[in-house]
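# A closer look at the structure
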Amino acid sequence: MDTPPTVVAWHALAAARDPAGLDALLDEDCVFRSPAVHTPQVGKALTTAYLSAALVVLGPTLTYRREWYAEDSAVLQFAADLDGIAVDGVDMLTWGEDGRITEFAVMVRPFKGLTALMERMAVELQKG
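Quick caveat: nothing in here was measured; it's all calculated off a predicted structure.

### Overview of the environment of Thr-63
- Secondary-structure assignment places Thr-63 in strand E3 (residues 63–69).
- Once the C-alpha coordinates of Thr-63 and Ala-79 are considered, the two residues, 16 residues apart in sequence, prove to be 5.4 Å apart.
- When residues no more than four places from it in sequence are discounted, the contact partners of Thr-63 are Gln-77, Phe-78 and Ala-79.

### What about the environment of Lys-127?
- With respect to the helices and strands, Lys-127 occurs in helix H4 (residues 111–127).
- On the basis of relative accessible area, Lys-127 is assigned to the exposed category, the value being 62%.
- Along the sequence, Lys-127 and Ala-53 sit 74 residues apart, while their C-alpha atoms lie 9.2 Å from each other.
- Within polar-contact distance, the side chain of Lys-127 engages the side chain of Glu-124 at 3.0 Å.

### A look at the pairing of strand E5 (residues 85–95)
- By the bridge criterion, ten bridges tie strand E4 (residues 73–82) to E5 in an arrangement that is antiparallel. Within E5, the position partnered with Leu-76 by the bridge is Asp-91.
- Count of turn residues in the E4/E5 antiparallel hairpin: two residues, of which Asp-83 carries a positive phi of about 50 degrees.
- In terms of strand pairing, E5 meets strand E6 (residues 101–109) through eight bridges, oriented antiparallel. Considered in E6, the bridge of Met-92 is made with Ala-105.
- Taking the residues between adjacent antiparallel strands as the criterion, E5 and E6 are bridged by five residues, where Gly-99 takes a positive phi near 85 degrees.

### Topic: the pairing of E6
- As judged from the four bridges shared by strand E1 (residues 26–33) and E6, these two strands associate in the parallel manner. Bridge assignment links Leu-26 to a residue of E6, and that residue is Ile-101.

### Considerations on H4
- With 17 residues, H4 extends 25 Å from end C-alpha to end C-alpha; this agrees with the ideal 24 Å at 1.5 Å per step.
- Along its buried surface, H4 packs onto helix H3 (44–57), E4, E5 and E6.

### Points about the sheet that holds strand E2 (residues 41–42)
- In space, the six strands of this open sheet follow the order E2-E1-E6-E5-E4-E3, with mixed pairing throughout. Strand pairing shows two members of the sheet lacking a second neighbour, E2 and E3, which therefore form its edges.
- In this sheet, E2 lies alongside E1 in antiparallel orientation, the contact comprising two bridges. When the bridges of E2 are listed, Val-31 appears paired with Val-42.
- Of the strands in this sheet, E3, E4, E5 and E6 touch helix H1 (residues 5–16), which is tilted by about 170 degrees from E3.
- Those strands touched by H4 are E4, E5 and E6, and its axis lies near 75 degrees from that of E5.

Calculation rules
Residues numbered from 1 in each chain as written. Predicted model: local features only at pLDDT ≥ 70, side-chain atom pairs only at ≥ 80, totals over all residues. Heavy atoms only, no water. Helix = DSSP H or I, 4+ residues; strand = E, 2+ residues; numbered from the N terminus. Contact = heavy atoms within 4.5 Å. Buried < 20%, exposed > 50% of the residue type's maximum accessible area, 1.4 Å probe, protein only. Polar contact = N/O pair within 3.5 Å; in protein donor to acceptor, adjacent residues only side chain to side chain. Pairing = 2+ DSSP bridges. Expected span 1.5 Å × (residues − 1). Axes fitted to C-alpha atoms, helices over the stretch in contact; angles between N-to-C directions.

Okay, structure coming up:
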């Protein structure tokens, strides 16, 4: 299967570390899920805030290593480095018929990496 257009768009956005493209990529009712927050974050505005912060925090060292696709979804395995703390995780994307992301879920390990990520994300989110 070829790389789905939604995944191509996400990779371009992540490589540029420019959240401006999120408006066109996210569905209005997009849901963001993360181990760092206890409840789903519903709506384009909240999803944009979290993904924008992640692009700042993880972006400089974010590397996608493996990917799996279905017709309306993908799992993207990634690695990043937060000041010497290795972070491994997956982004799970689901999109609608129009190609806009309807759900963006993140899973991160190890716990030390998740903790470091949560601290840095909190700082970025406070800026927004």
